[in-house]
Amino acid sequence: MSRDLKQASKHCFYGIGSVKLPSLAVGVTRLAETAICQETVFLSVLMLPLLRTVGLRVFSMASETYTPGSLSAAFVTCPNDTVARTLARGIVENKLAACVNIVPAITSVYEWQGKIEEDSEVMLMIKTRSSKVPALAEYVRSNHPYEVAEVISLPIEQGNPPYLKWVEGVVPE
């Protein structure tokens, strides 16, 4: 061990000066510092998910305000592209949604009247206000050819703030 390192190991710095400690005390101090450092790293790793969530919320609040769950993504299945396009256009024209994506060629497997069925369908993914979901469901039921039309929705917790703001601006409350 170099002379400077030996000399430094005999001092413990507290920010207001140094205190000479016997070698044993220096070793104990180093062990305590190492344990504290390891504990700090461990706690930091445990806190990362929480800090990330808090950071995302603060960033979201600073850049754009959005209340989680105030918007929803709704899903409707249709028997073909013609029905899907007609429903999508009517939904947007009636201000029931800001945007409807038409996802072609999905396969649905389901039970209907006691039998397992498999059909090719088209999926609508609809972005709207959560408060509009009941009116959206009513519109779909009134204009859909299925006896029991699928209309389900999920709340949107997070997203691109400018996009969420756009949806809120297009769909009235």
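Residues numbered from 1 in each chain as written. Predicted model: local features only at pLDDT ≥ 70, side-chain atom pairs only at ≥ 80, totals over all residues. Heavy atoms only, no water.

On to the nonpolar core. Formed by 18 residues in total, the largest nonpolar core has its most connected members in Cys78, Ile91, Val100, Leu124, Ile126 and Leu136. Within the residue set of this core, elements represented by two or more residues are strand 3 (71–78), helix 3 (81–93), strand 5 (115–129) and helix 4 (133–143). Per element, the largest residue contribution to this core is 5 residues, and it comes from helix 3. The residues contacting Ile126, other than those within four sequence positions of it, are Ser72, Ala73, Ala74, Val76, Ile91, Ala97, Cys99, Val100 and Leu136. (Core = buried A, V, L, I, M, F, W, Y, C linked by side-chain atoms within 4.5 Å. Buried < 20%, exposed > 50% of the residue type's maximum accessible area, 1.4 Å probe, protein only. Helix = DSSP H or I, 4+ residues; strand = E, 2+ residues; numbered from the N terminus. Contact = heavy atoms within 4.5 Å.)

Next up on the list: a nonpolar patch on the surface. A cluster of nonpolar side chains, contributed by Tyr110, Trp112 and Val148, occupies part of the molecular surface with about 270 Å² of accessible area. Tracing the chain through its elements places Val148 in the loop between helix 4 and strand 6 (152–156). (Patch = residues over 30% accessible without salt bridge, like charges linked within 9 Å, V, L, I, M, F, W, Y side chains within 5 Å. Areas by Shrake-Rupley, 256 points an atom, 1.4 Å probe, with all protein chains shown as cover. Salt bridge = Lys/Arg side-chain N within 4 Å of Asp/Glu carboxyl O.)

The next subject is the layout of surface pockets. Within this model, the second largest pocket holds a volume of roughly 240 Å³. As for the second largest pocket, its lining consists of Thr77, Ser108, Tyr110, Trp112, Glu121, Tyr146, Glu147, Val148 and Glu150. Of all the elements, strand 4 (residues 99–112) adds the most residues to the lining of the second largest pocket, at 3 residues. Considering only residue class, the lining of the second largest pocket consists of 4 nonpolar, 2 polar and 3 charged. (1 Å grid on protein atoms, 1.4 Å probe; cavity = no way out; pocket = protein on both sides within 12 Å on 5 of 7 lines; lining within 4 Å. Points joined across faces, edges and corners; volume = space filled by probe spheres on them. Nonpolar A, V, L, I, M, F, W, Y, C, P; charged D, E, K, R; others polar.)

We now examine the sheet that holds strand 3. Strand order in the open sheet made by the 4 strands is 4-5-3-6, with antiparallel pairing throughout. This sheet does not close on itself; its edge strands, each paired only once, are strand 4 and strand 6. Across the sheet, the mean angle separating the axes of adjacent strands is 30° when strand polarity is ignored. Direction of pairing for strand 3 relative to strand 5: antiparallel, over a ladder of 8 bridges. Within strand 5, the residue paired with Ala74 across the bridge is Ile126. Set on the sheet, helix 3 makes contact with strand 3, strand 4 and strand 5; between it and strand 4 the angle comes to about 130°. The strands touched by helix 5 (residues 161–170) within the sheet are strand 3, strand 4, strand 5 and strand 6, with strand 5 carrying the most contacts at an inclination of about 90°. (Pairing = 2+ DSSP bridges. Axes fitted to C-alpha atoms, helices over the stretch in contact; angles between N-to-C directions.)

Shape descriptors only; they carry no functional weight alone.
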